[in-house]
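A closer look at the structure
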Amino acid sequence: MEPQPIVSLKSRVERLGVTLESDGSEYEIEGVLNPATARTRDGRLLMYPRAVAHGNVSRIEIAEATDLGWKRIGFALEPSEPYEFRTVPGGYGCEDPRVTFVPLLDAYVMVYTAFGPSGPRVAIALSSDAYTWERLGLVDFSGLDAGDDKDGVFFPEPVISPEGVRSFAFYHRPMDYVYLVDSRARVPLILAKLPHERECTRIAYVPVEAVLRDRNSLLRVTESVLVLDASGSWGRIKNGAGTPPVRIDEGWLSLFHGVDAMYGRNGEFKGMRYSAGIVVHDLERPHIVRYRSPKPILLPEMGEERHGIVPHVVFPTGIDQRSPHGRDYDVYYGMADSRIGRLRMQLGASQLGAAAESAA
């Protein structure tokens, strides 16, 4: 028996402003953005910003929370592998990390975008202490129409795959080559596709037994299923994963992003807008979506969100639960691909029903 859909989930969001911006160094000259977050084993809060040097060369920094703000303490990953380098214009490196502590592995799992010779690819690194990271390599989606892919984010606990296999699971988003077309021109091409044919959030699965024998098996995906199509009133161009999932009473909670075209009063194209909403998955079988925000809970409204390297962007990537059993969280997000913001999200009560527009 499938779990009941959630027809409403109350939430309150309060912006807390910019929490980190470029220090002007050569490594951050083009911004800091889209950070992962994690708590160390002794409770210290770490942030992993994407630091962008001249030419869109990306590294993953480590910053530690202090009473005075954030202290940069080095790099988690710098481009060093062949799959993290390109010689053509457009940049390269290690981008947009997300970090999840996975108790069964007794390890922190970082998924990041390796931007290299073949384009963006999903890559994984592991750490025992959240400071020192060891690459596993690129994820192998062989047989699953592999190509450009990004927005990888692990669930913290094993789940059951659609085929009934106990698995580790992570979000990802295969990309469509239409993204290489000019923004104005590609909008009608995208909207001409069916919602499930656009760039959408999927969950990939790796059998637990294989990983417990050999951690390199984390790279070998055996199943992948669409969980958020591009239907509904927002996120119609594409959507993708945001924060790592966290357990709540109703299931797995995560923030995701959606992209829409903006038009002026006279119908002129004004660019793309990134917004954010909530998704809740079934705890045991996360391919079952119990709730999906019918409208965004976060839109680019602040000046820092509307103006930057890529304007009109809010991009949630890190989440920190403020109390062990509470329903309030600090969410860290990219602002216009230039700086990092923080917001406080408080969840209220949910309402169950027989049917929900939010189901994928």
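Residues numbered from 1 in each chain as written. Predicted model: local features only at pLDDT ≥ 70, side-chain atom pairs only at ≥ 80, totals over all residues. Heavy atoms only, no water.

Brief notes about the confidence of the model for the protein
Residues of the protein with pLDDT of at least 70 account for 96%, and the chain-wide mean is 94. Counted against residues more than four places away or in other chains, residues 355-360, with its pLDDT under 50, gives 14 contacts. (pLDDT = per-residue confidence, 0-100. Contact = heavy atoms within 4.5 Å.)

Examining the environment of Phe85
By secondary structure assignment, the location of Phe85 is in the loop between strand E5 (69-77) and strand E6 (92-102). As for Phe85 and Leu194, which are separated by 109 residues in sequence, their C-alpha atoms are 34 Å apart. Once residues within four sequence positions are removed from consideration, Phe85 is found in contact with Pro79, Ser80, Tyr92, Phe115, Gly116 and Pro117. (Helix = DSSP H or I, 4+ residues; strand = E, 2+ residues; numbered from the N terminus.)

What to know about the pairing of strand E2 (residues 32-39)
Here is the key point about a regular strand: its side chains alternate between the two faces of the sheet. Counting buried positions over the eight residues of E2 gives seven, a clear majority of the element. Note that E2 and strand E3 (residues 45-53) share six bridges and pair antiparallel. Each bridged residue has a counterpart across the sheet, and for Arg39 the counterpart in E3 is Leu45. Two successive antiparallel strands, E2 and E3, enclose a turn made up of five residues, where Gly43 displays a positive phi of approximately 95°. (Buried < 20%, exposed > 50% of the residue type's maximum accessible area, 1.4 Å probe, protein only. Pairing = 2+ DSSP bridges.)

Describing the pattern of salt bridges
Under the criterion given, the structure shown has 26 salt bridges. Note that Glu95 and Arg50 form a salt bridge whose closest N and O atoms lie 3.3 Å from each other. Here Glu95, found in strand E6, pairs with Arg50, found in strand E3; they are 45 residues apart in sequence, far enough to count as distant. Across the pair, exposure class does not vary: Glu95 and Arg50 are buried alike. (Salt bridge = Lys/Arg side-chain N within 4 Å of Asp/Glu carboxyl O.)

A closer look at helix H1 (residues 183-191)
For H1, the full list of buried residues reads Arg186, Val187 and Ile190. Buried residues in H1, looked at end-on, bunch into an arc of 120°, giving them a common side. Structural note: H1 exposes Arg184 and Pro188 on the side pointing more than 90 degrees away from its buried face. Packing partners of the buried residues in H1 comprise strand E17 (251-263) and strand E18 (269-281). (Arc of directions from axis to C-beta.)

Comments concerning the sheet that holds strand E21 (residues 328-335)
Reading across the sheet, the four strands line up as E1-E22-E21-E20 and stay open at both edges, with antiparallel pairing between neighbours. Looking along the sheet, the strands with just one partner apiece sit at the ends: strand E1 (6-20) and strand E20 (314-321). The sheet shows a mean angle of 30° between the axes of neighbouring strands, taken without regard to direction. Pairing of E1 with strand E22 (residues 339-352), which is carried by ten bridges, proceeds in the antiparallel orientation. (Axes fitted to C-alpha atoms, helices over the stretch in contact; angles between N-to-C directions.)

Describing unusual backbone geometry
Look at Asp106: it is not a glycine, yet its phi comes out positive at around 50°. Along the chain, Asp106 falls in the loop between E6 and strand E7 (107-116). A positive phi angle, near 55°, is found at Ala336, a position not held by glycine. By the secondary structure assignment, Ala336 is in the loop between E21 and E22.

Brief notes about the environment of Val314
Looking at where Val314 falls in the secondary structure, it is placed in strand E20. If near-sequence neighbours (up to four positions away) are discounted, Val314 is found in contact with Tyr274, Ser275, Ala276, Leu298, Leu299, Pro300, Glu305, Tyr333 and Gly334.

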